[in-house]
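Letter by letter, the chains look like this.
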Amino acid sequence: DEGKIGVAGGGVAAVGDARDGEEVSGRYAALPTGSKMTLKPKTNDFAKDFANDDVPEVLERVRIGRSCVTVGDKVFVERDEANDGDAGGGSGRKRYELLVTAVRPDDEETRAISLLETDVEVELEPSEEYERVVAELETRQRKRKEEFERAKEALAEREREKLAEKEAFEE
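Scope of this entry: the structure provided in the associated data block. (Residues numbered from 1 in each chain as written. Predicted model: local features only at pLDDT ≥ 70, side-chain atom pairs only at ≥ 80, totals over all residues. Heavy atoms only, no water.)

Some remarks on the packing of aromatic side chains
In this structure the tally under the stated criterion is three aromatic pairs. Plain terms: the ring middles of Phe46 and Phe50 are 4.7 Å apart, the flat faces sit at 35° to each other, and that makes the pair tilted. For Phe46, a relative accessible area of 2% translates into the label buried. Residue class for Phe50 comes out buried when judged on its relative accessible area of 2%. Seen from their ring centres, Phe50 and Tyr96 are 5.1 Å apart, and the 70° between their planes marks the pair as edge-to-face. Here the residue Phe50 occupies a position in the loop between helix 2 (45-49) and helix 3 (55-63), and Tyr96 occupies one in strand 4 (residues 91-104), the gap between them amounting to 46 residues. The pair formed by Phe50 and Tyr96 is uniform in burial state, with each residue classed as buried. A connected cluster of aromatic rings, assembled from ring pairs, spans Phe46, Phe50 and Tyr96. Sitting over the ring of Phe50, Arg79 keeps its end group 4.7 Å from the ring centre. (Phe/Tyr/Trp six-rings, centres within 6.5 Å; stacked < 30°, edge-to-face > 60°. Buried < 20%, exposed > 50% of the residue type's maximum accessible area, 1.4 Å probe, protein only. Helix = DSSP H or I, 4+ residues; strand = E, 2+ residues; numbered from the N terminus. Lys NZ or Arg CZ within 6 Å of the ring centre and 35° of its normal.)

Written out as structure tokens, the structure is:
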């Protein structure tokens, strides 16, 4: 229909929560030329599996094939892997999800940058999984410290009570 376009599956996924056949609206925006984007892996697998690779080069490949990127976009890196559990020695493909968490320059309205004809620095943040584990450890540590302080206060209270009993006995 006039005024409408069809979008391939990957494009639909980039729109967000749109489902196949669902209508979405858009608008033209002139995007600033990007100088930096920050990515956050969903799991620790990315850092573990790419530990021996040239990570900046791997992240640079994220840019290839994209004309722009918006804060909140999910981008994917794929890797061929040998299936260790496969007796036939076959290989599979593993897909890593990364979230765009920041762009520079950051236009408050669009929160997007153009990746065309520019060198964009790509930075990697700790994974969501890592941050979740660190937060859980900090919570446990805080709870242990609070429990220790309560036990310490209870012990001090018992000592005060014993001292008061001793003084009362001596009187």
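More follows now that the structure is in view.
Details of the side chain of Thr110
Summarising the element assignment, Thr110 is placed in the loop between strand 4 and strand 5 (112-114). When neighbours within four sequence positions are excluded, Thr110 is seen to be in contact with Arg27, Ala29, Leu31 and Thr70. (Contact = heavy atoms within 4.5 Å.)

What to know about unusual backbone geometry
Note the cis peptide between Arg104 and Pro105, where omega equals -5°. As for its position among the elements, Pro105 is in the loop between strand 4 and strand 5. Residues other than glycine seldom take positive phi values, yet Arg111 does so here, at roughly 50°. Relative to the helices and strands, Arg111 is located in the loop between strand 4 and strand 5. Despite not being glycine, Glu117 shows a phi value in the positive range, around 50°. Tracing the chain through its elements places Glu117 in the loop between strand 5 and strand 6 (121-124).

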